[in-house]
Amino acid sequence: MKKEFGLLIAALAVAGCQQLLNGNTAKVSEEKPKISNATQKCLSCHRIVTPGIVAQWEKSRHAHITMAEAMKKGKLARLVSATSVPDRFKNVVVGCAECHTQNPSSHADTFEHNGFKVHVVVTPNDCALCHPEEVKEYSQSLKANAYANLMKNPVYHQLAATVVAGKKYVHGKIVLEKAQYKDFKTACLKCHGTVVKVKGFTEKDTPFGKMKFPVLEGWPNHGVGRINPDGSKGSCTPCHTRHTFSIEMARKPETCGECHKGPDVPAYKVYMVSKHGAIYKSMENKWNFEDPSWVVGKDFTVPTCAACHMSRIVDENGNIIVERTHELFDRLPYRLFGIYATPHIKYSETYRAKNKAGLPLPYNLDGTPATSSVISEREMKKRMDNMKKVCLACHAQTLVDNHFEELKEIIDYTNRAELSATELLVDVWKKGIEKGLPQGSNPFDEPIEQRWVESWLFYADSIRYGAAMAGQDYVTFANGKWYFGKTLKTMEMMKNIEK
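Residues numbered from 1 in each chain as written. Predicted model: local features only at pLDDT ≥ 70, side-chain atom pairs only at ≥ 80, totals over all residues. Heavy atoms only, no water.

**Here's the deal with the pattern of salt bridges**
Phase 1: Within the structure shown, the criterion is met by 20 salt bridges.
Phase 2: As a salt-bridge pair, D412 and K408 come within 3.0 Å of each other at their nearest N and O atoms. Residue D412 and its partner K408 are both found in helix 19 (residues 397–430); the two are separated by four residues, about one turn of the helix.
Phase 3: Note that R464 is salt-bridged to D461, the shortest N-O span being 3.2 Å. Here the residue R464 and the residue D461 both occupy positions in helix 20 (residues 447–468), the gap between them amounting to three residues, near one helical turn.
Phase 4: Connected via shared salt-bridge partners are K75, R312 and E323. (Salt bridge = Lys/Arg side-chain N within 4 Å of Asp/Glu carboxyl O. Helix = DSSP H or I, 4+ residues; strand = E, 2+ residues; numbered from the N terminus.)

This is the structure we're talking about:
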């Protein structure tokens, strides 16, 4: 009897434990965010055909929080700017259907797919349902207009066309073939963005039989200024790569380095050789990149590209040092890129600028700013103050002020030197030694013209970026003053030989 009683107690204990476990499991199940029926249908097939995409999404923030929950969060923890969404989106996570079936009537790439109207290219207009402020800010940025700023600016377009055009050896001379759209698509537009067009529809074999899909020109592409099938500009995925859409990835400099690495915009390389870059490489595995409120000194100890240019930065008391922005020039008093560095251009569509000669540039060939196309001194000060707030979170006022004084000195140096290079080239054109702007000819295709382009696109830009981000070798030797000076001397020698 005693033995049986003991067995009974043991059985009840096991049953009780099992009930407790079942209760906990049920509780976890109840707390798990709900996936919409539509997205569940997507997942049932795509776990087979694109398991990598599903795995990425399952690790994302989108897969673990509903919009109702996201909108309840306080200012510092909030990553959505919407204050309301349609009822069908409130209490489900953001899944396949929530993105790929948004606004189907506006998408030229919408097609019937297993009972749904699906589009391939998710665009900022789709993201705007939850992130309206971010999309609005981004639409006003240089990045969202990057396609037009290259292809609608006859100066930069001609330079790009000269670079990407085919070359043929004809009768003892290298001649340029006319650049085709396909040449841009596989070069400059990989970063600037293509025009994604629907060329028709086709049937393809899939594990589930034949299915109809759109034929897309200009795809795949995640360029920052991509023109999408719904007519919107830009793409969120260059920084928040699909399908994880990670805030950590957007905050790490390697993401920016995908486009900002070449000799024309060496920002990533400059950063990585700076003291900030050295600390980042040593310490980033100890940082917290995921907290929406990025606490300086606690979550990170030196700035990354995002910290300086985009991210909200908070002190340990929850005070906002700088607010998050997706315009990306809110903290930029200067436009460092180009023949001359000037006050920042006032337009996000930079091709709208006009100098005295009618060229779409924010400066004149004599080095003076095109005043109608650049920001005012007041706006420069406002942006400089914003940038300095980031620096002052870690550094004393004297250090910060001196750093930007040195940057101004470097800007003046490159502008003076570049004026010499430009005057030398203009003299070559005026004397008819080579044909260029005065003759209505290509100003980028002859050897002396290409040395001139290198002088500012590679070397002056490198010196300015090096000074702005404390990557000193890029000021001096790594595409810096050494190569700048040598190029000017080479241009002088070429002019004298060609006389």
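Back to the write-up after that little detour.
**Notes on the nonpolar core**
Phase 1: Core analysis: the biggest nonpolar cluster contains 74 residues, and F184, W452 and W456 have the highest contact counts within it.
Phase 2: Residue contributions to this core peak at 11 residues, all from helix 19.
Phase 3: Leave out the neighbours within four places in its chain, and W456 touches Y156, L159, G338, I339, E418 and D461.
Phase 4: Counting eight residues, the second largest nonpolar core, distinct from the first, contains A70, M71, V85 and F89. (Core = buried A, V, L, I, M, F, W, Y, C linked by side-chain atoms within 4.5 Å. Buried < 20%, exposed > 50% of the residue type's maximum accessible area, 1.4 Å probe, protein only. Contact = heavy atoms within 4.5 Å.)

**Remarks on the side chain of N145**
Phase 1: Positionally, N145 belongs in the loop between helix 8 (132–139) and helix 9 (146–151).
Phase 2: At 2.9 Å, the side chain of N145 forms a polar contact with the backbone oxygen of S141.
Phase 3: A polar contact of 2.7 Å, which involves the side chain of N145, links it to the side chain of K233. (Polar contact = N/O pair within 3.5 Å; in protein donor to acceptor, adjacent residues only side chain to side chain.)

**Some thoughts on the packing of helix 18 (residues 377–392) against helix 19**
Phase 1: Across the interface, helix 18 lies against helix 19 with an axial gap of 10 Å and an inter-helix angle of 135°. The angle between the axes of helix 18 and helix 19 places the two elements in the oblique class. As helix 18 runs across helix 19, the sense of the crossing is right-handed. Contacts between helix 18 and helix 19 involve M384, M387, K388, C391 and L392 from the former and Q397, V400, D401 and F404 from the latter. (Axes fitted to C-alpha atoms, helices over the stretch in contact; angles between N-to-C directions. Parallel < 35°, antiparallel > 145°, perpendicular 65-115°, else oblique. Left-handed = near helix turned anticlockwise from the far one by under 90°.)

**Some words on the packing of aromatic side chains**
Phase 1: Scanning the entire structure with this criterion turns up 16 aromatic pairs.
Phase 2: Judged by centre distance (5.9 Å) and plane angle (50°), the ring pair of Y156 and F337 falls under tilted. With Y156 in helix 10 (residues 154–164) and F337 in the loop between strand 10 (334–335) and strand 11 (342–343), this pair connects stretches of sequence that are 181 residues apart. Considered together, Y156 and F337 belong to a single accessibility category, that of buried residues.
Phase 3: For the ring pair F289 and W294, a centre distance of 6.0 Å and an interplane angle of 45° mean the geometry is tilted.
Phase 4: A relative accessible area of 3% means that F289 is categorised as buried.
Phase 5: Relative accessible area serves as the criterion here: at 0%, W294 is assigned to the buried category. (Phe/Tyr/Trp six-rings, centres within 6.5 Å; stacked < 30°, edge-to-face > 60°.)

**Section: the state of the cysteines**
Phase 1: Going through the model one piece at a time under the given rule, you end up with one disulfide.
Phase 2: Note on C130: no disulfide assigned, nearest cysteine sulfur contributed by C99 at a separation of 7.8 Å.
Phase 3: A disulfide-free cysteine, C308 has its sulfur positioned 6.2 Å from the sulfur of C391, the nearest such atom.
Phase 4: What makes C308 buried here is its relative accessible area of 18%. (Disulfide = S-S within 2.5 Å.)

**With respect to the sheet that holds strand 8 (residues 313–314)**
Phase 1: Across the sheet, which stays open at both edges, the three strands sit in the order 7-8-9 with mixed pairing between neighbours. Looking at which strands have only one partner, the edges of the open sheet turn out to be strand 7 (294–295) and strand 9 (320–322).
Phase 2: As paired strands, strand 7 and strand 8 are joined by two bridges and run parallel to one another. The residue of strand 8 that forms the bridge with W294 is I313. (Pairing = 2+ DSSP bridges.)

**What to know about unusual backbone geometry**
Phase 1: Of note, the bond from W219 into P220 is cis; its omega dihedral lies within 30 degrees of zero at 5°.
Phase 2: Counting through the fold element by element, P220 comes out in the loop between strand 6 (209–217) and helix 13 (247–251).
Phase 3: Between R242 and H243 the backbone carries a cis peptide bond, its omega angle lying at 5°.
Phase 4: Although it is not a glycine, L328 sits at a positive phi angle of roughly 75°.
Phase 5: Residue placement: L328 occurs in the loop between strand 9 and strand 10.
Phase 6: Look at L328 and you get buried, because its relative accessible area is 16%.
Phase 7: One non-glycine residue, N479, adopts positive backbone phi at about 60°.
Phase 8: The topology assignment puts N479 in the loop between helix 21 (473–476) and helix 22 (481–498).

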